[in-house]
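# Structure assessment
Chain by chain, the residues:
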Amino acid sequence: MKIIMLGAPGAGKGTQAARMAEKYNIPHISTGDIFRANIRDNTELGQKAKSYMDKGLLVPDELTCDLVMDRISQDDCREGFILDGFPRTIPQAEALTKALEAKGTAMDAAVDVEVPDENIVNRMSGRRFCPVCGATYHIVALPPKKEGVCDNDGAALVIRDDDKPETVKKRLDVYHEQTQPLIDYYQKAGILKTVDGTQSADDVFEAIVKVLA
Ligand code: AP5
Ligand code: MG
């Protein structure tokens, strides 16, 4: 199954994609996680990406598209994959459609996790993430077993650099302007599925499994 996760920053794409990867046994590919790993390792890509991410802006398409096309050509993607945070612009969506067409295939579903802007700022201010494995928590809604520590590897949890309220606001503006048009794009392609992302994370997951069945 080849699935795209759509939704505003903080809608819960990453939280749900991690669960889906486990259930469907396919890789979870998050462009945000890939960029953050490159920033952590201080690579050239990481340095370039950071200058955009810290401002809440999108990393340019030319830095993003090749990276994803390479990743989905790898062996572990043969049975499918979940894209989280890609595509985010119409040119990215068109590049993905074309690359898959050339291989005689196409995406199966684009799942839009709907959460109104009012809920987002609260979610972001409580988010903590593991710099080692990328696991995401929320201090109230989805807390780790031990405060400030990752359940998977015991690493100290951190706050993302782009989760400051003023950067979140910019990211929401960028989302509405550049990413929301993809809902129409995938509706026209006939593969759009919509779920209510304001429910508990367990209920959102159940709703996703249902729309994909
Ligand atoms: P990226 O990392 O993709 O960030 P984003 O899209 O802004 O989304 P987030 O990761 O912030 O939110 P999410 O939807 O994954 O929510 P989460 O599950 O964490 O991208 C970061 C930056 O990288 C971009 O701004 C851009 O600069 C760059 N970039 C990445 N991809 C790019 C691309 N294709 N092109 C160009 N630039 C790109 O949940 C949020 C919080 O809510 C957590 O604390 C979580 O625990 C909690 N939560 C989740 N579900 C629930 C629930 N149901 N109820 C209550 N709380 C919940
Ligand atoms: Mg995410």
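See above for the structure.
These notes cover the structure that comes with them. What you are looking at is a predicted structure, and each value in this text was computed from that prediction instead of being measured.

Moving on to the nonpolar core. Within the largest apolar cluster, 24 residues are counted, with the highest numbers of intra-cluster contacts made by M5, M20, I82, V111 and I208. Elements with a minimum of two residues in this core: strand 1 (2–6), helix 1 (13–24), strand 4 (109–114), helix 6 (117–125), helix 7 (165–179) and helix 9 (201–212). The element that contributes the greatest number of residues to this core is helix 9, accounting for five residues. When near neighbours in sequence (up to four residues on either side) are disregarded, M20 contacts I3, M5, N25, I82, F205, I208 and L212. Counting 20 residues, the second-largest nonpolar core is a separate cluster that includes C65, I72, F81 and L192.

Another aspect to go through is the site of ligand 1. Among the 36 residues in the neighbourhood of ligand 1, the closest are listed as T15, L57, R88, R127 and R171. With respect to ligand 1, the side chain of T15 contributes an N or O atom lying 2.5 Å from an oxygen atom. One of the side-chain nitrogen or oxygen atoms of R127 is found 2.6 Å away from an oxygen atom of ligand 1. When ligand 1 is considered free in solution it has 1000 Å² of accessible area, and contact with the protein chains removes 96% of it.

Moving on, we get to the packing of aromatic side chains. What the rule picks out here adds up to one aromatic pair. Judged by centre distance (4.9 Å) and plane angle (80 degrees), the ring pair of Y185 and Y186 falls under edge-to-face. Assessed through its relative accessible area of 22%, Y185 is described here as partly exposed. Stacked on the ring of Y24, the Lys or Arg K23 has its end atom at 6.0 Å from the ring centre. Between the NZ or CZ atom of R36 and the centre of the ring of F129, over which it lies, the distance is 5.8 Å.

Further remarks concern helix 3 (residues 44–53). Residues L45, G46, A49 and M53 constitute the buried set of helix 3. Angular distribution of buried residues about the axis of helix 3 spans 90 degrees; they occupy a single face of the element. Those residues of helix 3 that are buried are in contact with helix 2 (31–40), helix 4 (61–72) and helix 7.

Topologically, V68 is positioned in helix 4. Using a relative accessible area of 1% as the deciding quantity, one classes V68 as buried. Each C-alpha atom of the pair V68 and F86 lies 8.1 Å from the other, and the pair is 18 residues apart in sequence. Those residues in contact with V68, other than ones at most four positions away along the chain, are T31, L83 and F86.

Now for unusual backbone geometry. Residue F86 is joined to P87 through a cis peptide bond whose omega torsion reads -5 degrees. Mapped onto the fold, P87 is located in the loop between strand 3 (81–84) and helix 5 (90–102). A positive phi angle, near 55 degrees, is found at N25, a position not held by glycine. Mapped onto the secondary structure, N25 falls in the loop between helix 1 and strand 2 (28–30). Even without glycine at this site, N42 takes up a positive phi of about 55 degrees.

Our next topic: the environment of N119. Tracing the backbone shows N119 in helix 6. On the accessibility criterion, N119 (29% relative accessible area) is partly exposed. The spatial distance from the C-alpha of N119 to the C-alpha of I4 is 22 Å, given a sequence separation of 115 residues.

What counts, and at which threshold
Residues numbered from 1 in each chain as written. Chains lettered and ligands numbered in written order. Predicted model: local features only at pLDDT ≥ 70, side-chain atom pairs only at ≥ 80, totals over all residues. Heavy atoms only, no water. Core = buried A, V, L, I, M, F, W, Y, C linked by side-chain atoms within 4.5 Å. Buried < 20%, exposed > 50% of the residue type's maximum accessible area, 1.4 Å probe, protein only. Helix = DSSP H or I, 4+ residues; strand = E, 2+ residues; numbered from the N terminus. Contact = heavy atoms within 4.5 Å. Near = heavy atom within 4 Å. Polar contact = N/O pair within 3.5 Å; in protein donor to acceptor, adjacent residues only side chain to side chain. Areas by Shrake-Rupley, 256 points an atom, 1.4 Å probe, with all protein chains shown as cover. Phe/Tyr/Trp six-rings, centres within 6.5 Å; stacked < 30°, edge-to-face > 60°. Lys NZ or Arg CZ within 6 Å of the ring centre and 35° of its normal. Arc of directions from axis to C-beta.

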